[in-house]
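Architecture and fold: a report
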Amino acid sequence: MVLLHRTFTLPTSRNYTSATLSHHPPLYLHLLNLLQLCIDHRSQRLTQQSHSQIVANGLSQNAFLTTRLVSAYATCKMITMSRHVFVSVETKNVYLWNSLINGYVKNHDFDEALALFHEMGRRSVVPDDYTFATVFKACGEVEDMGFGKLVHGMSIRIGFVSDIVVGNSVMAMYSRCGEFGDAMKMFDEMPQRNVGSFNVIISGCAAFRGPGYTSCDDLWKFFVRMQSEGFKPDGFTVASLLPLCDGGGGSSDGKWDFGRELHCYLVKNGLDLKLGSDVHMGSSLIDMYSRSNKVFLGRRVFDQMKSRNVYVWTALINGYVQNGAPEDALVLLREMQMNDGIRPNKVSLVSVLPACSILAGLIGGKQIHAFSIKMQLSDDIPLCNALIDMYAKCGSLDYARLVFDNGSYFKDAISWSSMISAYGLHGRGEQAINMYYKMLQQGIKPDMITVVGVLSACSKSGLVDEGISIYNSLIAKYEMKPTVEICACVVDMFGRSGKLDQALEFINEMPLDPSPSVWGSLLSASVIHGNSITRDLAYKCLLELEPENPSNYISLSNTYASDRRWDVVTEVRTMMKERGMRKVPGCSWITISGKTHSFSVADKAHPSSSLIYEMLDDLVSIMTGDVCVDIDILT
């Protein structure tokens, strides 16, 4: 707008005070509207010009103008100027105090907002409902439960606790501080409620589920109660529930089967029409369908949206990666920039890097790394951690170490764990152990992921004694309780080195029930070292724990086939057929000239499949010695 780049000249009047303001309503209204324009457009320059006009016209003590001026500076991230205007006003009313307190909250300076509220009390300024709502938000953000309860008591004493907005703010504060029981008690005691009251409970419970919080089924009943009491859920209500849902048809991780039902509710009530502007709703739907392995439905939501931002694109990119479609994720990253002109953010890059790992696409990973440097994200911790993981899985351990050694970013526990796992993946057990001890010297306490990484490295490198020493120190020094993942690593460590009796002894003495991964580790070791007794025991336990897993039966069939026990092989195959189990075919791929070609068993979908099979037949003939051909056939 031209309005934002002009210098305004207003009629000046010496000694122009609020007492004479009523004689000049056009000037007063113009300045108020001008300040509102500053807030709407977040224009620092226009705010400063407006401030100059207020001072020039002798209105620097006017309560209405200074209150809005404080808000304008705060909206423009100039909170120091807000404080300067506040201090310059001789007589401060509650609205001026509210404006500055809210300004600090908007700028995420919650401690200063609470300090200002203290000062407000010392000046004997009585807070109003807006003050309490703002202070409760600040208490929730810093999770200061003690001060929050004091302010709650003050609001009851003054009489504002019956106000719906204040009541909602109190509930939000308790939820953020992990006191969901107090939030629910506040809800039950409220004389009046609105849709926001229900939304506070639903969003708080959905985001901070834990001890004392309601279960998913109870939360769904609360959603039904909301409608039965005559309150119509809005987009925020549904968006809060969607992260807990799958896309219909059940879910193995216990999430609700209400995802599609909520989507239907959106369509039925016309809320889907807001997908043109409500990108949060669209992102939530895409994420919900992606987590339930129905990314095609997420893509349908994406295609129906009238407008998309970087968060919507990132949600779909992440969905493709989660559903094993890395190529589509990389294509989408390009389309986001070429079609919509949207620049990826750091979350987009972190989401797409696993696609490069899956495809072993080192070139694509390097391009994303270069793009992140161009965006000045070389010090972003999650992105650097994702780069370490990508380079390691793409076979470039040196590049992974270069990212790790970059001194411009702070290394957290995940950074160290990623590098330890990278060394383990490449069979560098000693370096993984050295990295582990360096991490301990930095004062970082190991977690489950770190331990699994270093024990796995010890297992692959045959460093049994070192691995057992690390395991024992975790139990004795760090008082870490072993998980099934850690126990599986120990069993694999014993098994790979041929110490099957020690592996079985460890399983029998485990403080928790052995999982399929534990028995699977013992099984693999038994097959490698030809111990049929331990092998049969592991198979028996695996089939008891996972009777519907076809991989166990395929492995059992192949083992007996290698022993030429065809009667048992036939029995196992018949059992699989009767139970309707089929092995998921394996898949391999290769990238040539930037295009990835994938192949599965008996696959004829490739346009050059006839030539490929012809070449394979020739290679088989050469390897079996059936024919003698010139080596030129291979060139």
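Residues numbered from 1 in each chain as written. Predicted model: local features only at pLDDT ≥ 70, side-chain atom pairs only at ≥ 80, totals over all residues. Heavy atoms only, no water.

1. Quick look at unusual backbone geometry
Unusually for a residue other than glycine, Lys 77 sits at a positive phi of about 65 degrees. Among the structural elements, Lys 77 can be located in the loop between helix H3 (63-75) and helix H4 (79-88). Judged by its relative accessible area of 53%, Lys 77 is exposed. At Ser 124, a residue that is not glycine, the phi angle is positive and equals roughly 60 degrees. Its place among the elements puts Ser 124 in the loop between helix H6 (110-122) and helix H7 (129-142). On the basis of relative accessibility, which here comes to 63%, the residue Ser 124 falls in the exposed class. (Helix = DSSP H or I, 4+ residues; strand = E, 2+ residues; numbered from the N terminus. Buried < 20%, exposed > 50% of the residue type's maximum accessible area, 1.4 Å probe, protein only.)

2. Remarks on the UniProt feature "repeat: PPR" (unreviewed entry) in the protein chain
Feature annotation in UniProt places "repeat: PPR" (unreviewed entry) on residues 93-127, 163-197, 309-344 and 412-446, given in this structure's numbering. In this annotation, residues 163-197 is assigned 74% helix and 0% strand; the end-to-end C-alpha distance for the span is 11 Å. Segment residues 309-344 splits into 72% helix and 0% strand. End C-alpha atoms: 10 Å apart. (UniProt positions renumbered as here; feature names shortened; annotations may be inferred.)

3. Here we look at helix H9 (residues 164-176)
Along its 13 residues, H9 runs 18 Å from first to last C-alpha, staying within 8% of the 18 Å computed at 1.5 Å per residue. When H9 is considered as a whole, its buried residues turn out to be Val 166, Gly 167, Asn 168, Ser 169, Val 170, Met 171, Met 173, Tyr 174 and Ser 175. Those residues of H9 that are buried lie in contact with H7, helix H8 (145-158), helix H10 (180-189) and helix H11 (195-207). One or two positions beyond H9, positive phi appears at Gly 178, with a value near 80 degrees. (Expected span 1.5 Å × (residues − 1). Contact = heavy atoms within 4.5 Å.)

4. What about the pattern of salt bridges?
Scanning the entire structure with this criterion turns up 15 salt bridges. A salt bridge links Lys 137 to Glu 141, with the nearest nitrogen and oxygen atoms 3.6 Å apart. Remark: Glu 141 and Lys 137 occur in helix H7; sequence separation between them is four residues, near one turn of the helix. Given a relative accessible area of 45%, Lys 137 falls into the partly exposed group. (Salt bridge = Lys/Arg side-chain N within 4 Å of Asp/Glu carboxyl O.)

5. Comments concerning the nonpolar core
Membership of the largest hydrophobic core comes to 169 residues, with the highest contact counts inside it found for Met 419 and Leu 455. Contact partners of Met 419, with chain neighbours within four places excluded, come to Ile 388, Leu 397, Ala 400, Arg 401, Phe 404 and Met 435. Leu 34, Leu 37, Cys 38 and Leu 46 belong to the second largest nonpolar core, which has six residues in total. (Core = buried A, V, L, I, M, F, W, Y, C linked by side-chain atoms within 4.5 Å.)

6. With respect to the packing of aromatic side chains
Applying the stated rule across the entire model yields 16 aromatic pairs. Where Phe 302 meets Trp 313, the ring centres are 4.9 Å apart and the plane angle is 80 degrees; that geometry is what we call edge-to-face. Of this pair, Phe 302 sits in helix H16 (residues 295-304) while Trp 313 sits in helix H17 (residues 310-322); the two residues are 11 residues apart in sequence, bridging distant segments of the chain. Across the pair, exposure class does not vary: Phe 302 and Trp 313 are buried alike. Over the ring of Phe 302 we find Arg 308, and its NZ or CZ is 4.3 Å from the ring centre. (Phe/Tyr/Trp six-rings, centres within 6.5 Å; stacked < 30°, edge-to-face > 60°. Lys NZ or Arg CZ within 6 Å of the ring centre and 35° of its normal.)

7. Digging into a nonpolar patch on the surface
A surface patch of nonpolar side chains, about 590 Å² in accessible area, is lined by Tyr 613, Met 615, Leu 616, Leu 619, Val 620, Ile 622 and Met 623. Counting through the fold element by element, Met 623 comes out in helix H33 (residues 609-624). (Patch = residues over 30% accessible without salt bridge, like charges linked within 9 Å, V, L, I, M, F, W, Y side chains within 5 Å. Areas by Shrake-Rupley, 256 points an atom, 1.4 Å probe, with all protein chains shown as cover.)

8. What to know about the state of the cysteines
Under the counting rule described, the total for this entry stands at zero disulfides. You can see Cys 356 has no disulfide; the closest cysteine sulfur is in Cys 394, sitting 6.4 Å from it. Under the relative-accessibility criterion, Cys 356 is labelled buried at 1%. (Disulfide = S-S within 2.5 Å.)

9. Brief notes about the packing of H3 against H4
Packing of H3 against H4 leaves a shortest axis separation of 7 Å and a crossing angle of 165 degrees. Regarding the angle of H3 to H4, the classification is roughly antiparallel. Of the two possible hands of crossing, H3 and H4 adopt the one that is left-handed. Taken together, the residues of H4 that come into contact with H3 (itself represented by Thr 66, Leu 69, Val 70, Tyr 73 and Ala 74) are Ile 79, Met 81, Ser 82, Val 85 and Phe 86. Of the residues assigned to the contact of H3 with H4, the class counts are eight nonpolar, two polar and no charged. (Axes fitted to C-alpha atoms, helices over the stretch in contact; angles between N-to-C directions. Parallel < 35°, antiparallel > 145°, perpendicular 65-115°, else oblique. Left-handed = near helix turned anticlockwise from the far one by under 90°. Nonpolar A, V, L, I, M, F, W, Y, C, P; charged D, E, K, R; others polar.)

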